[in-house]
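# Commentary on secondary and tertiary structure
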Amino acid sequence: MTTTPTGYTTVAPWIVTTDTGALLDFVTAAFDGVELGRVPLEDGSIGHAEIRVGDTVVLAFDQRADWPAMPSLLRVFVPDADVAFAAALKAGAREVTALSSNAFGQRGGRIRDPFGNIWWVTAIVETVAAEEGMRRLDEPEYQEQMRYAQESLDAELSGRSVGQASPVAGLRLNQAQ
């Protein structure tokens with residue numbers, strides 16, 4: 001017997017937003033999301049909604065007026081990062097981290113959706129063994145990519161014009177995988 005319902009993953013992300021209906025529209029336009037349903041409440045808000053993106057169901061509901069903002073940080077794997085990134089921008093997002101390729105064979109960038117959530121839009125462009133990816137992190141181009149990724153996110157989250165980064169040190173590969 002499994003503890004996870006069919007069609008769901010073990011961990012399910014929740015997004016709390018001021019306009020869940022508009023969030024569902026954004027996710028549909030940007031990431032080919034398929035809305036599974038929504039539960040409207042008497043006051044006109046959405047008490048529960050679900051949208052499937054690839055193999056993951058993202059859950060959402062409307063934030064109450066006296067709750068603090070709770071933006072989410074999400075990574076979404078897509079077939080083509082350039083296409084999905086452009087679709088997200090067209091759907092109302094703004095760029096946080098420009099598209100680039102990393103040491104592990106992934107191409108991606110970050111956007112902030114109109115509701116404050118940050119999405120890592122990522123595509124696999126090359127099969128890279130974990131050991132090779134870790135080795136590549138010693139190469140200047142990948143060190144620069146990591147620095148830029150850290151600085152751009154830090155600037156976005158901190159509100160500073162220039163973000164901070166720390167060089168990668170002491171990487172370890174988990175051999176138990």
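Let me begin by describing the structure that accompanies this report. (Residues numbered from 1 in each chain as written. Predicted model: local features only at pLDDT ≥ 70, side-chain atom pairs only at ≥ 80, totals over all residues. Heavy atoms only, no water.)

### Quick word on the packing of aromatic side chains
Per the stated rule, a full pass over the model turns up four aromatic pairs. Here the aromatic rings of Trp14 and Phe61 are separated by 5.5 Å at their centres, their planes lie at 65 degrees, and the arrangement is edge-to-face. Highlighted residues: Trp14 in strand E1 (residues 14–17) and Phe61 in strand E4 (residues 56–62), separated in sequence by 47 residues. Judged by relative accessible area, Trp14 falls into the partly exposed class, the value being 40%. Here the aromatic rings of Phe26 and Phe31 are separated by 6.0 Å at their centres, their planes lie at 85 degrees, and the arrangement is edge-to-face. (Phe/Tyr/Trp six-rings, centres within 6.5 Å; stacked < 30°, edge-to-face > 60°. Helix = DSSP H or I, 4+ residues; strand = E, 2+ residues; numbered from the N terminus. Buried < 20%, exposed > 50% of the residue type's maximum accessible area, 1.4 Å probe, protein only.)

### Topic: the sheet that holds E4
If you walk across this open sheet you meet the four strands as E1-E4-E3-E2, and the pairing is mixed. The open sheet has two free edges, formed respectively by E1 and strand E2 (34–40), since each of these has just one partner strand. In this sheet, adjacent strand axes meet at a mean angle of 20 degrees when their direction is disregarded. Relative to strand E3 (residues 46–53), E2 runs antiparallel, the two sharing six bridges. (Pairing = 2+ DSSP bridges. Axes fitted to C-alpha atoms, helices over the stretch in contact; angles between N-to-C directions.)

### Digging into the sheet that holds strand E5 (residues 73–77)
Pairing is mixed in the open sheet, where four strands are placed in the order E5-E8-E7-E6. In this open sheet, the two edge strands, each paired with only one partner strand, are E5 and strand E6 (94–101). Across the sheet, the mean angle separating the axes of adjacent strands is 15 degrees when strand polarity is ignored. Two strands pair when backbone bridges link them, and strand E7 (residues 106–112) and strand E8 (residues 118–124) are joined in this way by seven bridges, in the antiparallel orientation. In the strand pairing of E8, Arg112 is matched with Ile118. Against the sheet, helix H4 (residues 140–158) makes contact with E6, E7 and E8, and its axis sits at roughly 170 degrees relative to E6, the strand it touches most. (Contact = heavy atoms within 4.5 Å.)

### A short note on the nonpolar core
One finds Phe26, Val27, Phe31, Val78, Ile111, Trp119 and Val121 to be the most contacted residues of the largest nonpolar core, which totals 25 residues. The element best represented in this core is helix H1 (residues 20–31), accounting for six residues. Look past the residues within four positions of Val78 in its chain and what remains in contact with it is Phe31, Ala84, Val121, Thr122 and Ala123. (Core = buried A, V, L, I, M, F, W, Y, C linked by side-chain atoms within 4.5 Å.)

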